[in-house]
Amino acid sequence: MPRVHLLSWLVAASLLAACAGPSPRPAAPASPAASAAGSSAAGSAPAGAEMSGIDVVFLSTMVGHSERTLQIVRLARDRLRDDALRTLAAAIEATEADELSAMRGWLPTAGPGAGTVGHDHAGHGDDTALDRLRAAGDADVDRVLREVLAEHQRAAADLARAQVDVGRNERVRDLARRIERSRTAEVELLQGYAAQISSAPAGRRSS
């Protein structure tokens, strides 16, 4: 997400915070069954407190971002040549599909106005990025995906980091923490793959 879009999200979140009133009471502790679910985001809506406008804006924005992530990965996955990159792409697809299902389930129960909060794909990896993947030849698709995904996932990490600072609902903030950690790790892996390939002998480079 370009910095201007992140700034726009923070401005919108701040305005909503001013209208949100007192912070909600902390969420009730998760049940043993919920704790056993591990890092999966799927489940019922955040319990213990109604979500604030900040939380709704974050979830709506992240829904759009994850939808675009799946577009990016699915557009390139069958053409990838590097096994490690193919494995990472499959893991990203599975993780974000799970998170997307959870966020879509949370939003309809987020309180008045949640259903009217829209999102688009501006700043989520725009059509230029998808066009780059479509146009990439077989020898270049790995490199283009690494570049596109690294930028896209870095934006998600920035957005999630901001939500941790300003969010109200603790369950949503916990999701944001997981997103920030996972996307940061993915960016590091993508950059690591690029470094390994650039330092490899020319005859051994896959893209």
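To keep things clear, this report deals only with the structure shown in the data block. All values derive from a computational prediction rather than experimental measurement.

## Quick look at the overall build of the protein chain
Okay, so step 1: A tally of regular secondary structure across the protein chain gives seven helices and zero strands.
Okay, so step 2: Helices (α) and strands (β) of the protein chain occur, in sequence order from the N terminus, as α-α-α-α-α-α-α.
Okay, so step 3: Looking at the 207 residues of the protein chain, the share that counts as buried comes to 41%.
Okay, so step 4: Taking contacts inside the protein chain between residues at least 6 apart in sequence as the whole, the part at least 24 apart equals 83%.
Okay, so step 5: Just so you have it, the protein chain exposes about 10,300 Å², and 54% of that area is on carbon and sulfur atoms.

## Quick word on helix α4 (residues 83-106)
Okay, so step 1: Taking 1.5 Å as the rise per residue, α4 with 24 residues should run 34 Å; its terminal C-alpha atoms sit 35 Å apart, in good agreement.
Okay, so step 2: Residues of α4 that are buried: Leu85, Leu88, Ala89, Ile92, Glu93, Glu96, Glu99, Leu100, Ala102, Met103 and Trp106.
Okay, so step 3: The N-terminus of α4 is capped by Asp82, whose side-chain oxygen sits 3.1 Å from the backbone nitrogen of Ala84.

## A closer look at the pattern of salt bridges
Okay, so step 1: Tallying each qualifying case throughout the model produces 17 salt bridges.
Okay, so step 2: Glu67 is the partner of Arg104 in a salt bridge, and the nearest nitrogen-oxygen pair spans 2.9 Å. In this pair, Arg104 is assigned in helix α4 and Glu67 in helix α3 (residues 53-76), connecting sequence segments 37 residues apart.
Okay, so step 3: Residue Arg104 is classed as partly exposed on the basis of its relative accessible area, which comes to 44%.
Okay, so step 4: In this structure, Glu93 engages Arg74 in a salt bridge whose closest nitrogen and oxygen atoms are separated by 2.8 Å. Remark: Arg74 occurs in helix α3 and Glu93 occurs in helix α4; sequence separation between them is 19 residues.

## A short note on the nonpolar core
Okay, so step 1: Judged by nonpolar contacts, the single largest core of 20 residues is most densely connected at Ile72, Leu145 and Leu149.
Okay, so step 2: Those elements that place two or more of their residues in this core are α3, α4, α5 (127-135), α6 (141-166) and α7 (170-199).
Okay, so step 3: Here this core takes six residues from α6, the largest share from any one element.
Okay, so step 4: Not counting the four nearest positions on each side in its chain, Leu145 is found in contact with Ile72, Ala76, Leu80, Leu85, Leu133 and Ala150.
Okay, so step 5: With 19 residues, the next largest nonpolar core counts Met103, Ala156, Val172 and Leu175 among its residues.

Quick notes on the rules
Residues numbered from 1 in each chain as written. Predicted model: local features only at pLDDT ≥ 70, side-chain atom pairs only at ≥ 80, totals over all residues. Heavy atoms only, no water. Helix = DSSP H or I, 4+ residues; strand = E, 2+ residues; numbered from the N terminus. Buried < 20%, exposed > 50% of the residue type's maximum accessible area, 1.4 Å probe, protein only. Contact = heavy atoms within 4.5 Å. Areas by Shrake-Rupley, 256 points an atom, 1.4 Å probe, with all protein chains shown as cover. Expected span 1.5 Å × (residues − 1). Polar contact = N/O pair within 3.5 Å; in protein donor to acceptor, adjacent residues only side chain to side chain. Salt bridge = Lys/Arg side-chain N within 4 Å of Asp/Glu carboxyl O. Core = buried A, V, L, I, M, F, W, Y, C linked by side-chain atoms within 4.5 Å.

Geometry only, nothing functional implied.
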